[in-house]
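Architecture at a glance
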Amino acid sequence: MARVLINIPRQIRAGESFAIRTLIQHGMESGYRPDGAGGVLARDIITSFTASFEGEEVFGLELSPAVAANPFITFSMRVQGSGMLRLRWRGDGGFDQSEVRQITVT
Amino acid sequence: MTPRRLILASPALLLLPPPQPARASAEAMAAALRAFTGGAAVTPGRVTLDISPLVENGNTVPLSVIMPSPMTQAEHVRAIAIFNERNPQPHVVTARFSPHSGQAMLATNIRLATSQTIVAVAALSDGSFWSDSAQVIVTLAACLEG
């Protein structure tokens, strides 16, 4: 399991957008770096990120090797009430990690 | 060249730059952009790409993009894609939005292999495309060093 940091604002109001900041520990090996033996290191990156609230997609991102190591992703969302936010990162070599957080409207 | 001359010249051969991996080009970027828009016309404006014009380390370059929009079912930003001109691949990221996004915004850290132009293209629900571009100077390149 890769380490994940997720920042959710303390105060969330219904119908107002707010930003979620996420960071996941991942080397994002680009597939272009030499391996010291004349070849290149195989690509190993996160290729997709999705955020869904109560089962509906809020935000999605397709990543390429041009994204820096330990991908930092900030996106915005807007809710009408409290619920569960599910974040999912998928990548090369079967990488698949999900995190679930409660979003509470104040 | 006589063998002796070849030996004398050999240190110079060592100084030759190593072969470079394939780079994206302006044409490759245009092709990736066309694949995203489906050939539709792209108008400069409305979307704002925020990236530092002078970057010391190309391994981690903060980038953000935002487009003002009411984000309703009838009128929202569907997607924003970021392209570059001179990394090994022209595509950087593609973000999908929905009315639940509240705001069409994205911030992330990217890699830049060299000084180049970055382009953001936004796709709206009404079928129009808008773009913004930025010139970035990179002093330490990403991707290519061991």
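Residues numbered from 1 in each chain as written. Chains lettered and ligands numbered in written order. Predicted model: local features only at pLDDT ≥ 70, side-chain atom pairs only at ≥ 80, totals over all residues.

**So, the overall build of chain B**
When you go through chain B residue by residue, the secondary structure sums to 2 helices and 9 strands. Each helix and strand of chain B, placed in order from N terminus to C terminus, yields the pattern α-α-β-β-β-β-β-β-β-β-β. Taking all 146 residues of chain B together, the buried fraction comes to 40%. Here the analysis covers contacts within chain B between residues at least 6 apart in sequence; of these, 71% occur between residues at least 24 apart. (Helix = DSSP H or I, 4+ residues; strand = E, 2+ residues; numbered from the N terminus. Buried ≥ 20, exposed ≤ 12 C-beta atoms within 10 Å, placed from the backbone. Contact = placed C-beta atoms within 7 Å.)

**Some remarks on helix H2 (residues 26-37) of chain B**
Residue and element names in this part refer to chain B. The end-to-end C-alpha distance of H2 is 16 Å, a good match for the 16 Å that 12 residues give at a rise of 1.5 Å each. Along H2, the residues classified as buried are Ala28, Met29 and Ala32. Down the axis of H2, the buried set is contained in an arc of 100 degrees. They therefore lie on one face. Summarising the geometry of H2, the exposed residues directed more than 90 degrees from the buried face are Ala26, Glu27 and Arg34. (Expected span 1.5 Å × (residues − 1). Arc of directions from axis to C-beta.)

**Overview of the interface of chain B and chain A**
The interface is formed by 29 residues belonging to chain B together with 28 residues belonging to chain A. For the side of chain B that touches chain A, the secondary-structure elements that each account for two or more residues are strand S6 (91-97) and strand S7 (104-110) of chain B. Counting residues per element, the side of chain B that touches chain A draws most heavily on S6(B), which supplies 7 residues. By residue class, the composition of the side of chain B that touches chain A is 12 nonpolar, 15 polar and 2 charged. Sheet topology places strand S5 (residues 72-77) of chain A next to S7(B); 3 bridges connect them, and they run antiparallel. Each residue of the ladder has a partner; that of Ile73(A), found in S7(B), is Thr108(B). (Nonpolar A, V, L, I, M, F, W, Y, C, P; charged D, E, K, R; others polar. Pairing = 2+ DSSP bridges.)

**Re the nonpolar core**
All names here are of chain B. In this structure, Val65, Ile80, Ala104, Ala120 and Ala122 are the most contacted members of the largest nonpolar core, which totals 57 residues. Here this core takes 6 residues from strand S8 (residues 116-124), the largest share from any one element. The residues contacting Ala120, other than those within four sequence positions of it, are Val47, Leu49, Val65, Ile80, Ile82, Ser131 and Asp132. (Core = buried A, V, L, I, M, F, W, Y, C linked by C-beta atoms within 7 Å.)

**A look at the sheet that holds strand S4 (residues 61-67) of chain B**
Think of a sheet as strands paired side by side through backbone hydrogen bonds, with each pair either parallel or antiparallel. Taken in spatial order, the 6 strands make up an open sheet running S1(A)-S2(A)-S5(A)-S7(B)-S4(B)-S2(B), and their pairing is antiparallel. Here the strands that pair on one side only, and so sit at the sheet edges, are strand S1 (4-7) of chain A together with strand S2 (48-51) of chain B. Strand-to-strand twist in this sheet, taken as the mean axis angle between neighbours without regard to direction, amounts to 15 degrees. (Axes fitted to C-alpha atoms, helices over the stretch in contact; angles between N-to-C directions.)

**Quick notes on the pairing of strand S3 (residues 46-53) of chain A**
All names here are of chain A. Note that S3 and strand S6 (residues 83-91) share 7 bridges and pair antiparallel. Across the sheet, the residue bridging to Phe49 is Trp89, located in S6. Pairing analysis gives 6 bridges linking S3 to strand S4 (residues 56-63), with the strands arranged antiparallel. Pairing of Phe49 across the sheet is with Leu61, part of S4.

**A word on unusual backbone geometry**
Residues and elements named next belong to chain A. Notably, Glu54 is not glycine yet its phi reads approximately 50 degrees, a positive angle. When you line up the elements, Glu54 lands in the loop between S3 and S4. Assessed through the 14 C-beta atoms surrounding it within 10 Å, Glu54 is described here as partly exposed.

All quantities given are derived from atomic positions and should not be read as evidence of function.
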